[in-house]
Amino acid sequence: MTKRIAALLLLAALVAVPSAWAEAGKTLTIYNWTDYMPQSVLDEFTAETGIKVIYSTYDSNEAMFTKLKLMGGKGYDIVVPSTYFLSLMREQGLLAEIDPKGLTNFANLDPEVLNKPFDPENRYSIPYMWGSTGLMVNTAQVAPGTVTSWADLKRPELAGRILMSSDLRDGLGVALKALGHSMNTRDEAEIKAAYEWLLELKPAVRMFTSDGAKQVFAGEEAVVGLIFNGDASQIREEMPELEYVYPREGAMLWMDNLCIPAGAQNKEGAMLFIDFLLRPEIAARIAEEFRYTTPNKAAQALLPEELRNDPIVSPRPEDLVNSEFQTGVGDALPVYEKYWEMLKVAGD
Amino acid sequence: MHDGALFRRICILGVAAWLLVFALAPNAGLLVVSFLTRHPEDFVAPGLTLEAYGRLMDPTFAAIFWESVRLAALATLVCLLAGYPFAYGIARASRRWRPWLLLLVVVPFWTNSLIRTYAVILILKSRGVLSNLLEALGLTSGPVSLLYTDTAMFIGFTYTLLPFMVLPLFAAIEKLDRNLLDAARDLGAGSLRAFWNVTLPLTMPGILAGSMLVFLPALGMFYIPELLGGGKSMLLGNFIKNQMLLARDWPLGAAASTVLTVALAVMIVLWRLATLRARQDEDDDILTEGAP
C-alpha cells in the first residue's frame, strides 16, 4: 500500500514538476552577494528548467535593501539578506511568504538553523550559507598560541600589523565581544566603552578593510586581524601558516538567507530555484567552492573529508562557545554610527 | 553649411539634456531631500525643516570636512610640484614631439581610475613590483611595502589627478613669450629671479585652473584614501555614503552633499573672479605700456 502511494506520489511529482516549469516565467532575476554562487550552478539550473537567469550582485545588505526599497520590492525574484537585515525587511513588508511545503528538499536543512527569532517558522526565508568572522593569525610572524582572543589584539608586538574591519558593526562588535558584552547591544554605555577600546587600538591598526582581507594576509601586509571563515579556508590552501582562530570571547556569526521579494515577478521560478539549491549535491558544490558552512545536513555528508573535518568550514560545538549571530539593533544603529565616526575622526 | 549647424545644435542639445538629467536633476533632488524630515522606513517624510543642517553643526562633521579639505589641498600641492616641471618639459620639447607627449599624458584616462588605483596597489604592495625591484637591485634585504601609508595615498592622488594639472599648465606655459624671459635676463635677472618675477605670474592662470581641477575631484575621491591609505580616517564621501546607506538618514546625507556642492560652487566663482581680474590686469598693463 505504502509502495503504491509512493509510486503515485512520484508520478504526481513527475507530472507536476514539468508543468510547474511551464507555468513559471522564462526568466529569474537573482540579486546575491559578490563571489557567492558558482556560475556552473546557474547554468545547470537553466539547462534543467529552461529558465534564463539574470544575475547581479551587491557588496552590502544596505545597498541591496535600499535598492529593493526604492523599487517597492520589485525587480528581483531572489535576494539573499543576512540575518540582521531579514527581520527589518520582513517587518517592512518587503518579502513574500514562502511555504516550506512547496520545497521538496526542505527536510535537508539542519533544524539547528531553522525557526530562529529573526524569522519564526521560516515563513520568509530559507538559509543559504552561514559562517563566522574570526581571527586570522600568521603563525610564521606571530608566535603560535599567543593570539587566542579578541583582547590579544592589544599585544604590543602586533602594533602596526593589524587588519580591522571597515564595517562598523563588525569593528565595534570586536570591541564589544572583547569587553564581554553582546555584539548586538543597544546600550549606549556599552557602545561607548567599545569605542574607547577601539580608540586605544587604532594606532596599532594598519588598515580598515572588509573585502580585501585575503589579499592583505597573502601579501603579509598584516599578520593578524578579522577574516570570514570562508576566505580563511580558501587562503590557507596557499599559505598553511595562516591559522584561523575562534576567539575565546566568541566569534561573530552571520547567516545569509534566500528570500523572495514581495513584488517578485516570477515567484514560482524562485521557489524552483530555492528547491534546486537545497539539493544536497548542489549545496555541497557551493560550500566546497566558497568554504562557508552549509546549513544543509545532507550536503554536509557529501563534502570531501578534509572539509568535513576542518573546523573552519565545519565548526565543532566547542568552537562556537560564546559566539552569537549578528542581529538588527534598531534605533541603536545611529549610536553605533556616531561612535564609529568619532573613532575614524580621532587622530593617531 | 546648414547640415553643420544642425549637427552642432543636436550635439549641444544632447549634452544639455545629459547634464539636465544626470547632473542637475539628481542634485536638485538632493537639495529638496536635505530640507525634508527623516523617516526610518521610507527614508524621507514630507515636512520642510532645517533640522538636517542643524545636525551637521557638530564637531565630528567639522572634523570630517576639515580632514577632506586638508587631504585635497595637500594632493593639489603635490600635483602642482610634480606637474609644473612636467608641463614645462613638454612645453619646451620640440614641436614634433609635443603632441605625442601630450597623448601619453592623456592615455591613462582611457582606463577607469578605480582600476588604475588597483594597479597602484600591485606596484606598492609587499612583494609587489616595486618591492621585487628593490630586492633584485639589492637595495633592501626583504620585501617592503608602501601600501596603507600616507605616501601611498599621495602617490595615488598624484597618479590619478596629475593630467588635470599638467594640461592647463602646459597651455599656460606654451603661450609664454620667451622674449620676456630674454628681456629679464638682459636686465640682469638670474634664472631663478626670472622664473619668480616673469614665468610664475604669467602662468598663474594655468596654476589656478590646474589646482581647481585637481582640488575639486580630490575632495570627493574617498576610495583612494580607503584603498591606498588604509581607510583610517573618515572623509566627506564616506560620511555621505554612510548616512544614505547605513544610517538611512537621507536628509543628513543630502545636507552634507549640498554643503559640499555649495563649497565647490563658491570656489569656482572665486576662481572665475581671480582669472577675470588677472586678465584685466594684463589688459591694463598692455594699455599702460602702449601709452606714450
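Residues numbered from 1 in each chain as written. Chains lettered and ligands numbered in written order. Predicted model: local features only at pLDDT ≥ 70, side-chain atom pairs only at ≥ 80, totals over all residues. Heavy atoms only, no water.

## Considering a nonpolar patch on the surface
Part 1 of the reasoning: Together, Val15, Trp18, Leu19, Leu20, Val21, Phe22 and Leu24 of chain B line one region of the surface with nonpolar side chains, adding up to about 770 Å² of accessible area.
Part 2 of the reasoning: Of note, Val15 of chain B is situated in helix α1 (residues 2-34). (Patch = residues over 30% accessible without salt bridge, like charges linked within 9 Å, V, L, I, M, F, W, Y side chains within 5 Å. Areas by Shrake-Rupley, 256 points an atom, 1.4 Å probe, with all protein chains shown as cover. Salt bridge = Lys/Arg side-chain N within 4 Å of Asp/Glu carboxyl O. Helix = DSSP H or I, 4+ residues; strand = E, 2+ residues; numbered from the N terminus.)

## Focus on the confidence of the model for chain B
All names here are of chain B.
Part 1 of the reasoning: Taken over all residues, the pLDDT of chain B has a mean of 90, while the share at 70 or more is 96%.
Part 2 of the reasoning: Between the elements of chain B, mean pLDDT differs from a low of 83, seen in helix α13 (residues 250-290), to a high of 95, seen in helix α3 (residues 59-92).
Part 3 of the reasoning: Across the whole predicted complex the pTM is 0.87, and at the interface the ipTM reaches 0.85. (pLDDT = per-residue confidence, 0-100.)

## Concerning the packing of helix α3 (residues 61-70) of chain A against helix α4 (residues 83-91) of chain A
Residues and elements named next belong to chain A.
Part 1 of the reasoning: The interhelical angle for the contact between α3 and α4, taken along N-to-C directions, is 15°, at an axis separation of 11 Å. Of the possible angle classes, the one that applies to α3 and α4 is roughly parallel. Once α3 is placed against α4, the crossing between them reads as right-handed. In contact with Asn61, Glu62, Met64, Phe65 and Leu68 of α3, α4 contributes Tyr84, Phe85, Leu88 and Met89.
Part 2 of the reasoning: Partitioned by chemical class, the residues of the contact of α3 with α4 number 7 nonpolar, 1 polar and 1 charged. (Axes fitted to C-alpha atoms, helices over the stretch in contact; angles between N-to-C directions. Parallel < 35°, antiparallel > 145°, perpendicular 65-115°, else oblique. Left-handed = near helix turned anticlockwise from the far one by under 90°. Contact = heavy atoms within 4.5 Å. Nonpolar A, V, L, I, M, F, W, Y, C, P; charged D, E, K, R; others polar.)

## Description of the interface of chain A and chain B
Part 1 of the reasoning: Each side of the interface is counted separately: chain A has 28 residues, and chain B has 27 residues.
Part 2 of the reasoning: Overall, the association of chain A and chain B removes approximately 2,400 Å² of surface from exposure, summing both partners, and the carbon and sulfur fraction of that is 59%.
Part 3 of the reasoning: The interface formed by chain A and chain B contains 2 salt bridges.
Part 4 of the reasoning: Its salt-bridge partner being Glu220 of chain A, residue Arg127 of chain B comes within 3.3 Å of it at the nearest N-O pair.
Part 5 of the reasoning: Where chain A meets chain B, there are 12 residue pairs in polar contact (both at pLDDT 80 or more).
Part 6 of the reasoning: Tallied by class, the residues present in the side of chain A that touches chain B amount to 16 nonpolar, 3 polar and 9 charged. (Buried area = accessible area lost by both parts, 1.4 Å probe. Polar contact = N/O pair within 3.5 Å; in protein donor to acceptor, adjacent residues only side chain to side chain.)

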